[in-house]
Amino acid sequence: MKTVILANGAYPTHEVPLKHLHNAGLIVCCDGAAEKLVAHGLEPGIIIGDLDSVSPALKKRYEKVLVQDSDQETNDLTKAVMWCISRGIEEVVSLGATGIREDHTLGNISLIADYNRSIKATMLTDTGSFRVYDRSVTINSTPGQQVSVFSIDNKLKVTSSGLKFPLNNLVLKSWWRGTLNEATGETFRLSFKNANVIVFLKYPILSIKSGHPDHFKPVT
């Protein structure tokens, strides 16, 4: 069963995240995201958060799937991920985690590195995908596909092959250092040790036509 988490950021408009949303076996909504989901004709499987952004009418309609969590030390996306982990779910795709507020966007992107310890998490936006890797990896791509590489560890060194602008033991000392690159072929490789690397891939034209974003799946 495919599990999708819908955060309360910008509702997806691109066909790739929308296809994941419509094909999901379970949709876990972060608080007020349930309002947006229902307005688009879909049904939440779980609604989680402090529920202050859920209308009384929706609370009554979906009272059997409400999970109230008022912990102020975590955000609603993390609450949803932790709920999935507690139910033995091994993989999630998060949507609606960007847009509207830039502080939420940056926080949500950085958090997927934390989730990687316990669950396979991919974030899809209206422009591309974010995925975390904890070891050297070869990643599927298309020629000219835009690639950016980030690390929470500002001492991490990364070496690449198959990118237009090679990374040669580059220290990712700030978030911009590994951005705005391009794949030159059907795969590229990132080599690094003992850290999490966040990779952003812009959707290639092939994925847009097919609606099936296999490009964020690693080869090895």
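Residues numbered from 1 in each chain as written. Predicted model: local features only at pLDDT ≥ 70, side-chain atom pairs only at ≥ 80, totals over all residues. Heavy atoms only, no water.

**Digging into the sheet that holds strand β10 (residues 157-161)**
Strand order in the open sheet made by the four strands is β8-β13-β10-β11, with antiparallel pairing throughout. The two strands at the open ends of the sheet, each matched to only one other strand, are β8 (137-140) and β11 (170-171). Where β8 meets strand β13 (residues 187-191), four bridges bridge the pair, whose relative direction is antiparallel. Its bridge partner being in β13, T138 is matched across the sheet by R189. (Pairing = 2+ DSSP bridges. Helix = DSSP H or I, 4+ residues; strand = E, 2+ residues; numbered from the N terminus.)

**Considering the packing of aromatic side chains**
Inspection of the entire model under this criterion finds three aromatic pairs. With centroids separated by 6.5 Å and ring planes inclined at 40°, the aromatic side chains of F130 and F150 adopt a geometry described as tilted. You can see F130 sitting in strand β7 (residues 128-133) and its partner F150 sitting in strand β9 (residues 146-151), a full 20 residues away along the chain. Residue F130 is classed as buried on the basis of its relative accessible area of 9%. Between F150 and W175, the ring centres sit 5.5 Å apart and the planes meet at 50°, which makes this aromatic pair tilted. Residue F150 is located in strand β9, and its partner W175 is located in the loop between β11 and β12 (178-182); the two are separated by 25 residues in the primary sequence. Among the aromatic side chains, those forming a connected cluster through ring pairs are F130, F150, W175 and F200. (Phe/Tyr/Trp six-rings, centres within 6.5 Å; stacked < 30°, edge-to-face > 60°. Buried < 20%, exposed > 50% of the residue type's maximum accessible area, 1.4 Å probe, protein only.)

**Let's talk about the nonpolar core**
One finds I5 and V28 to be the most contacted residues of the largest nonpolar core, which totals 51 residues. Ignoring any residue separated from it by four or fewer positions in sequence, one finds I5 in contact with V28, C30, L77, A80, V81, C84, V92, V93, S94 and L95. (Core = buried A, V, L, I, M, F, W, Y, C linked by side-chain atoms within 4.5 Å. Contact = heavy atoms within 4.5 Å.)

**Considering the sheet that holds strand β2 (residues 26-30)**
The strand order across the open sheet formed by ten strands is β4-β3-β2-β1-β5-β6-β7-β14-β9-β12, and the pairing between neighbours is mixed. Edge positions in the open sheet fall to β4 (66-68) and β12, since each of these has one partner strand only. On average, each strand axis in the sheet is inclined to that of its neighbour by 20°, with strand direction left out of account. Examined bridge by bridge, β2 and strand β3 (residues 46-49) share three bridges and lie parallel to one another. Opposite C30, over in β3, you have I48 as the bridge partner. Taken strand by strand, helix α4 (residues 76-86) contacts β1 (3-6), β2, β3, β4 and β5 (91-95), and its axis lies near 145° from that of β2. (Axes fitted to C-alpha atoms, helices over the stretch in contact; angles between N-to-C directions.)

The values reported here are purely geometric and, on their own, carry no functional implication.
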